Amino acid sequence: MPSTRDHWSEDAACRSFNPDELFVDGPHQNRAKAVCTGCQVRIECLAEALDNGLVFGVWGGMTERERRALLRRKPNVTSRRKVLDDALRESERPRAG
């Protein structure tokens, strides 16, 4: 069922967490990334970080380093939200077989 909320962040799994728990370094990032597992708005969160150049914290289950690597692999993409949505739709399509 679609959400009636105004912004995707209102449905985020991390919405009740202290931001200091999500903007961490080193091994603490794995704990922050675990919060994203199963989050219903993970794609929206990651797209927000990629499209807006957010460089600190864990967004959509990816660390700063992981996001930078992703951006380097596809530097000419203008809307990562569209790319992520397309990839999600493709992964959800039934496979022939």
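Just above, that's the structure.
Residues numbered from 1 in each chain as written. Predicted model: local features only at pLDDT ≥ 70, side-chain atom pairs only at ≥ 80, totals over all residues. Heavy atoms only, no water.

**Student:** Sorry, what's going on with a positive patch on the surface here?
**Tutor:** On the surface, R65, R68, R72, R73 and K74 cluster together into a positively charged patch. Judged by relative accessible area, R73 falls into the exposed class, the value being 58%. (Patch = residues over 30% accessible without salt bridge, like charges linked within 9 Å, V, L, I, M, F, W, Y side chains within 5 Å. Areas by Shrake-Rupley, 256 points an atom, 1.4 Å probe, with all protein chains shown as cover. Salt bridge = Lys/Arg side-chain N within 4 Å of Asp/Glu carboxyl O. Lys, Arg positive; Asp, Glu negative; His and termini not counted. Charge placed at Lys NZ, Arg CZ, Asp CG, Glu CD. Buried < 20%, exposed > 50% of the residue type's maximum accessible area, 1.4 Å probe, protein only.)

**Student:** Honestly, the pattern of salt bridges in this entry has me stumped. Any pointers?
**Tutor:** By the definition in use, this model includes one salt bridge. Here E66 and K33 are joined by a salt bridge, their closest N and O atoms 2.7 Å apart. With E66 in helix 3 (residues 64-73) and K33 in helix 1 (residues 28-36), the pair connects residues that are 33 residues apart, well separated along the chain. (Helix = DSSP H or I, 4+ residues; strand = E, 2+ residues; numbered from the N terminus.)

**Student:** Is there a simple way to explain helix 4 (residues 80-92) in this structure?
**Tutor:** Residues spaced three or four apart along an α-helix face the same direction, because each turn holds 3.6 residues. For helix 4, spanning 13 residues, the distance from its first C-alpha to its last is 18 Å, which sits close to the expected 18 Å at 1.5 Å a residue. Taken residue by residue, helix 4 has R80, L84 and D85 as its buried positions. Burial along helix 4 is one-sided: seen end-on, the buried residues are contained in an arc of 135°. (Expected span 1.5 Å × (residues − 1). Arc of directions from axis to C-beta.)

**Student:** Which parts of the structure should I look at to understand the packing of helix 2 (residues 42-51) against helix 4?
**Tutor:** Between two packed helices, the angle of one axis relative to the other and the distance separating the axes together describe the packing. The interhelical angle for the contact between helix 2 and helix 4, taken along N-to-C directions, is 150°, at an axis separation of 8 Å. Judged by the inter-axis angle, helix 2 sits roughly antiparallel to helix 4. Helix-helix and strand crossings are classified by hand; for helix 2 and helix 4 the assignment is right-handed. Contact with helix 2, carried on its side by I43, E44, L46, A47, L50 and D51, involves R80, R81, L84, D85 and L88 of helix 4 and no other residues of that element. Per-class residue counts for the contact of helix 2 with helix 4 are six nonpolar, no polar and five charged. (Axes fitted to C-alpha atoms, helices over the stretch in contact; angles between N-to-C directions. Parallel < 35°, antiparallel > 145°, perpendicular 65-115°, else oblique. Left-handed = near helix turned anticlockwise from the far one by under 90°. Contact = heavy atoms within 4.5 Å. Nonpolar A, V, L, I, M, F, W, Y, C, P; charged D, E, K, R; others polar.)

**Student:** Whenever I open this one, the nonpolar core confuses me. Can you help?
**Tutor:** Across soluble globular proteins, you tend to see nonpolar side chains buried next to one another. Counting seven residues, the largest nonpolar core consists of W8, A12, C39, V41, C45, A49 and W59. With near-sequence residues (within four places) excluded, A49 lies in contact with L54, W59 and R67. (Core = buried A, V, L, I, M, F, W, Y, C linked by side-chain atoms within 4.5 Å.)

**Student:** It is not clear to me how the packing of aromatic side chains should be interpreted in this structure. Could you clarify?
**Tutor:** Think of a pair of aromatic rings as described by two things: how far the centres are apart, and how the planes are tilted against each other in angle. Scanning the model with the defined rule gives one aromatic pair in all. Centre to centre, the rings of F23 and W59 are 6.2 Å apart; their planes meet at 80°, and the pair counts as edge-to-face. With F23 in the segment before helix 1 and W59 in the loop between helix 2 and helix 3, this pair connects stretches of sequence that are 36 residues apart. On the basis of relative accessible area, F23 is assigned to the partly exposed category, the value being 43%. Here W59 falls in the buried class, since its relative accessible area comes to 19%. (Phe/Tyr/Trp six-rings, centres within 6.5 Å; stacked < 30°, edge-to-face > 60°.)

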